[in-house]
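Structure at a glance
Letter by letter, the chains look like this.
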Amino acid sequence: MKMQLYISPSLRHVTLLPGKGFREFIRVKAGSRRLSYKMLFYSLLLFTFLMRFIYVLSSVDNIDDQTKCSTIGCLGKKISPGILRGRNLQSASAVPQVIYQVLEDPSSQDEIVGGPDIPQTLEEFVTSMKGSNRLDAKTFAMKLKSMVKLLEQRTRTAKIQEYLYRHVASSSIPKPLNCLALRLAHEHATNADARLQLPLPELVPALVNNSYFHFVLPSDNILAASVVATSLVYNSLRPEMVVVHIITDRKTYSPMQAWFSLHPLAPAVIEVKALHHFDWFAKGKVPVLEAMEKDQKVRAQFRGGSSAIVANNTEKPHVIAAKLQAMSPKYNSLMNHVRIYLPQMFPSLNKVVFLDDDLVVQSDLSPLWEIDMKGKVNGAVETCKGGDKFVMSKRFKSYLNFSHPIISKNFDPDECAWAYGMNIFDLEAWRKTNISENYHHWLEQNLKSDLSLWQLGTLPPGLIAFHGHVHVIDPLWHMLGLGYQENTSAADVQRAAVVHFNGRAKPWLDIAFPQLRKLWTKYVNFSDKFIKSCHITAS
């Protein structure tokens with residue numbers, strides 16, 4: 001606020017008025033024109049105080065020539081830089097240059113004192129600085145750098161250990177699930193009701209009828225497959241039109257058949273079939289099998305196992321996590337590759353919806369058959385756009401190695417990736433392309449390059465093989481990330497038609513996120529005799 005100063009001609013009154021016309025004012029009564037002894041005394045007292053204050057400011061500013069500017073010294077410079085220094089001075093908020101030099105200089109690493117002298121906490125750091133005889137900026141920076149480096153190393157070690165434990169937990173088969181498979185295999189051998197033909201003979205025509213809604217579910221996990229099929233049928237508005245084709249391997253076929261024989265999902269049609277039941281698979285040459293065998297040999301020879309990955313002291317924790325995940329048995333499982341053979345497996349079908357076994361269906365999926373694919377083969381959700389930047393930020397460069405010339409020459413690193421797990425496949429359009437052959441070709445290229453084109457399983461070659469053949473669908477159809485991050489909002493979950501537990505924290509594992517696991521366990525009947533006998537619980 002601007003003020004106006006009015007002095008009377010007689011100098012007896014001084015009036016201070018606000019500059020905006022307010023009537024309030026301050027009136028100070030002045031003495032006579034003669035200078036009294038009292039006025040002289042007070043003037044000398046004020047002058048002495050000002051001189052002592054200026055002296056203190058100047059002295060404190062010269063104490064620490066390393067920092068250029070102390071707290072009080074900077075105040076002095078702000079008040080009267082001309083009086084105190086007569087030169088340009090650094091502001092109080094500036095960080096001393098010597099601190100930057102110490103923190104940025106790699107050679108200063110050798111000067112860092114290790115062992116017990118390094119402060120372990122912020123409290124210890126403050127105490128050590130207060131008790132030090134050298135209160136200069138360099139000592140401060142060295143102590144700070146040593147403490148931060150120590151904490152960084154401990155954090156890195158803790159993260160890597162966490163990734164290793166999660167890798168071990170996610171790679172193993174939990175005892176309750178193993179128990180369930182064994183109990184059902186025994187039931188299949190001893191109980192005729194557990195060996196029923198699936199589907200019943202009168203429902204077999206539905207398997208090739210294109211007026212039905214056909215879903216393909218490959219899995220060697222009985223409980224997981226049960227949750228997907230149950231949630232799908234339960235949320236369907238026309239369950240009598242739903243056909244679920246469950247594909248499994250040889251060892252899981254008997255317990256899988258026993259489960260769905262004893263737990264029918266009528267009126268839906270359920271088919272359980274093992275890979276060896278397909279003639280083309282049993283008798284023909286399967287390129288993926290050959291590629292998988294070579295892949296396992298290459299990984300065993302050059303990767304050195306999880307111990308070698310964890311022992312690497314130069315790579316960042318998230319890179320180590322990606323390599324550990326690449327070693328997961330899931331990525332060497334044929335169940336993860338069968339989707340590339342869908343046109344051969346279902347030669348009579350025109351369109352199917354593919355479902356992974358680590359997801360939950362939350363609404364009716366029949367509208368997927370009404371989506372116009374515009375001649376494309378694969379209907380999928382893009383994963384580079386969305387509110388959740390951690391999950392929905394995936395582009396080609398997130399999966400493919402663009403430092404390799406073969407990749408950089410053929411693809412755009414910023415092209416948006418898409419999600420595997422819930423896909424609409426137009427099999428008619430697929431049969432007119434070379435997608436499957438392209439997939440096999442790039443698997444071979446990755447093996448020839450010592451797995452240097454990509455690290456993780458089936459999505460990278462899928463991104464390549466389906467390149468140019470993808471039709472983007474609404475992201476509300478398929479919500480991702482529930483297996484590797486827990487910051488999913490309840491509102492987003494409720495809106496999603498399918499929620500996908502992709503990542504290590506599968507809902508049937510102890511490492512699952514508790515608040516998200518409930519979405520999965522609601523479709524498990526914990527009163528079932530097989531579930532109870534194997535001690536499978538909701539938590």
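Just so we're clear, the structure is a prediction, and the values are computed from it rather than from any experiment.

This brings us to the environment of Trp369. Relative to the assigned elements, Trp369 resides in the loop between β8 (359-361) and β9 (378-380). Judged by its relative accessible area of 17%, Trp369 is buried. Between the C-alpha atoms of Trp369 and Phe213, which are 156 residues apart in sequence, the distance is 7.6 Å. Apart from residues no more than four positions distant in its own chain, Trp369 is found in contact with Tyr212, Phe213, His214, Phe215, Lys351, Val352 and Val353.

What follows covers the nonpolar core. Membership of the largest hydrophobic core comes to 70 residues, with the highest contact counts inside it found for Phe215, Phe260, Leu365, Leu368 and Val499. If you tally residues by element for this core, the top one is helix α8 (residues 222-234), at 9 residues. Non-local contacts of Phe215, meaning those with residues more than four positions away in its chain, are made with Leu232, Val242, Val243, Val244, His245, Val353, Leu355, Leu365 and Trp369. Membership of the second largest hydrophobic core comes to 44 residues, among which are Val286, Tyr399, Leu453 and Ala465.

Let's shift gears to the state of the cysteines. The tally for this structure, following the rule as stated, stands at 2 disulfides. Across the disulfide, Cys179 is cross-linked to Cys534 (sulfur-sulfur distance 2.2 Å). Its S-S torsion of about -75° marks the bond between Cys179 and Cys534 as left-handed, since a negative value means left-handed. Taken as a pair, Cys179 in helix α7 (residues 175-190) and Cys534 in the segment after α21 (529-533) lie far apart in primary sequence, 355 residues in all. Relative accessible area serves as the criterion here: at 4%, Cys534 is assigned to the buried category.

Time to look at the environment of Leu223. Looking at the secondary structure, you find Leu223 in helix α8. Taking the relative accessible area as the measure of exposure, Leu223 reaches 4% and is therefore buried. Excluding anything up to four places from it in sequence, Leu223 contacts Leu177, Leu180, Trp520, Val524, Ile531 and Ile536.

Counting across every chain of the model gives 12 aromatic pairs. Taking the centre distance of 5.2 Å and the plane angle of 75° together, the rings of Trp430 and Phe466 count as edge-to-face. With a gap of 36 residues between them, Trp430 in helix α16 (residues 427-430) and Phe466 in the loop between α18 (459-465) and β11 (470-472) connect regions that are remote in the sequence. Of the residues examined, Trp430 reaches a relative accessible area of 2% and is grouped as buried. Geometry around Phe278 places Lys273 over its ring, the cationic atom sitting 4.5 Å from the centre. Cation over ring: Arg339 sits above Tyr420, and NZ or CZ is 4.1 Å from the ring centre.

Attention now goes to the pairing of strand β4 (residues 213-218). Summarising burial for β4: 6 of the 6 residues are buried, a large majority. Side chains Phe213, Phe215 and Leu217 project from β4 onto one buried face, and the interleaved His214, Val216 and Pro218 project onto a second face that is buried too. Strand direction decides the pairing type here: β4 and strand β5 (residues 242-248), joined by 6 bridges, are parallel. Note that in β5 the partner of Phe215 across the bridge is Val244. In the classification by handedness, the crossover that spans β4, the intervening α8 and the parallel β5 is right-handed. Bridging between β4 and strand β7 (residues 351-355) involves 2 bridges; their strand directions are parallel. Its bridge partner being in β7, Phe215 is matched across the sheet by Val353.

What follows concerns the pairing of strand β6 (residues 269-274). Along β6, 5 of the 6 residues are buried, which leaves the element largely enclosed by surrounding structure. Relative to β6, β5 runs parallel, the two being bridged by 6 bridges. The residue bridging Val243 from the neighbouring strand is Val269, located in β6. Note on the crossover from β5 through helix α9 (residues 250-262) to β6: the handedness is right-handed.

Reading the values: rules and limits
- Residues numbered from 1 in each chain as written.
- Predicted model: local features only at pLDDT ≥ 70, side-chain atom pairs only at ≥ 80, totals over all residues.
- Heavy atoms only, no water.
- Helix = DSSP H or I, 4+ residues; strand = E, 2+ residues; numbered from the N terminus.
- Buried < 20%, exposed > 50% of the residue type's maximum accessible area, 1.4 Å probe, protein only.
- Contact = heavy atoms within 4.5 Å.
- Core = buried A, V, L, I, M, F, W, Y, C linked by side-chain atoms within 4.5 Å.
- Disulfide = S-S within 2.5 Å.
- Phe/Tyr/Trp six-rings, centres within 6.5 Å; stacked < 30°, edge-to-face > 60°.
- Lys NZ or Arg CZ within 6 Å of the ring centre and 35° of its normal.
- Pairing = 2+ DSSP bridges.
- Right-handed = clockwise from strand over helix to strand, strands pointing away.

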